[in-house]
Amino acid sequence: MKKMLRIGLTGGIASGKSTVSNMFRSLGVPVIDADEIVREISRPGEPAYDEIIALFGNNIVNEEGYLRRDLIKDIIFKKTELKNKLENIIHPRVRDEIEERIASSNYPYCILSIPLLLETGADYGIDRILVIDAPVKIQLKRIIKRDGISEDLALSIIESQIDRQERLSSADDIIVNTGDTKHLEREVAILHRKYLDLASTYETVQQSSSERSVNIH
Ligand code: ADP
């Protein structure tokens, strides 16, 4: 049985994950975005929505009835126990949705964009980890320009994420995003060929998708 090669794409805030995802998409690669799935499954009317309100209370809902993600982030930042409970609500559903999307894609490999892949330790059957890397100075510049937040806030978000060296040490592939977007496109094209190549030789026995097998370097 042929199993689709799964590339987990991660990186710090404003490292360039969305930009790289879009470049893979424009090459025809299926890109599955975990953050987008989290937003979808926690919309009003979805089962996770009620469970999340039951966990945090009604004051995390805004006037339009949507969950206030900023408030939730603040709360779980301070309370690990609630963070774990929230993850127990979200992760199984995200995993199911990822499996469904993979099952309906027909391509040699897919990109799973999971911003907190290394922080949460959740298992998505990833075969290789692609890290988008940028020095903190560049991250800060891009996040301030993109989100219009203060340097202090930007820095505190960066510091709440996994350390850059630690992230890099988990990587199978790295794109250093310090150049212009043309440079980034070339890097993506090189990896695209590499992944197509790997996928063509990637046969597995009926392996549980929860097993991570990073044995194809
Ligand atoms: P992430 O998804 O990792 O948070 P984004 O892809 O949104 O990061 O990139 C952060 C910001 O930096 C965006 O505004 C994006 O357009 C910009 N950006 C990303 N890569 C480059 C680059 N190589 N050159 C110039 N701007 C970039």
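Please refer to the structure higher up on the page.
What counts and what doesn't
- Residues numbered from 1 in each chain as written.
- Predicted model: local features only at pLDDT ≥ 70, side-chain atom pairs only at ≥ 80, totals over all residues.
- Heavy atoms only, no water.
- Buried < 20%, exposed > 50% of the residue type's maximum accessible area, 1.4 Å probe, protein only.
- Helix = DSSP H or I, 4+ residues; strand = E, 2+ residues; numbered from the N terminus.
- Pairing = 2+ DSSP bridges.
- Near = heavy atom within 4 Å.
- Polar contact = N/O pair within 3.5 Å; in protein donor to acceptor, adjacent residues only side chain to side chain.
- Areas by Shrake-Rupley, 256 points an atom, 1.4 Å probe, with all protein chains shown as cover.
- Nonpolar A, V, L, I, M, F, W, Y, C, P; charged D, E, K, R; others polar.
- Salt bridge = Lys/Arg side-chain N within 4 Å of Asp/Glu carboxyl O.
- Axes fitted to C-alpha atoms, helices over the stretch in contact; angles between N-to-C directions.

> Where do I start with the pairing of strand 5 (residues 173-176) in this structure?
Across a regular strand the side chains alternate sides, sitting on one face of the sheet and then on the other. Of the two faces of strand 5, only one is covered, namely that formed by Asp173 and Ile175; the face formed by Ile174 and Val176 stays uncovered. Sheet topology places strand 4 (residues 128-133) next to strand 5; 4 bridges connect them, and they run parallel. In the sheet register, Asp133 faces strand 5, and the bridge partner there is Val176.

> Got a minute to help me understand the site of the ligand in this structure?
The full set close to the ligand counts 14 residues, and Lys17, Ser18, Thr19, Arg146 and Asn177 are the nearest of them. Between Ser18 and the ligand, the recorded distance is 2.6 Å, taken from a side-chain N or O atom to an oxygen atom. Arg142 is positioned such that a nitrogen or oxygen atom in its side chain is 3.5 Å from a nitrogen atom of the ligand. Alone, the ligand offers 560 Å² of accessible surface; in the complex the protein occludes 74% of this. Top element by residues in the shell around the ligand is helix 1 (residues 17-26). It accounts for 3 residues. Of the residues assigned to the shell around the ligand, the class counts are 2 nonpolar, 8 polar and 4 charged.

> Any chance you could explain the pattern of salt bridges here in plain terms?
Pairing between side chains of opposite charge can happen when the charged atoms of each approach one another. On inspection of all chains with the given rule, the structure shows 14 salt bridges. Here Asp127 and Lys3 are joined by a salt bridge, their closest N and O atoms 3.6 Å apart. You can see Asp127 sitting in the loop between helix 6 (117-120) and strand 4 and its partner Lys3 sitting in the segment before strand 1 (5-11), a full 124 residues away along the chain. Exposure remark for Asp127: the relative accessible area of 0% places this residue in the buried category. Arg128 is the partner of Asp173 in a salt bridge, and the nearest nitrogen-oxygen pair spans 2.9 Å.

> Can you help me understand the sheet that holds strand 3 (residues 109-113) in this one?
In a beta sheet, neighbouring strands pair by backbone hydrogen bonds and run either parallel or antiparallel. Pairing is parallel in the open sheet, where 5 strands are placed in the order 2-3-1-4-5. The outermost strands of the open sheet, each flanked by one partner alone, are strand 2 (31-33) and strand 5. The sheet shows a mean angle of 25 degrees between the axes of neighbouring strands, taken without regard to direction. Strand direction decides the pairing type here: strand 2 and strand 3, joined by 3 bridges, are parallel.

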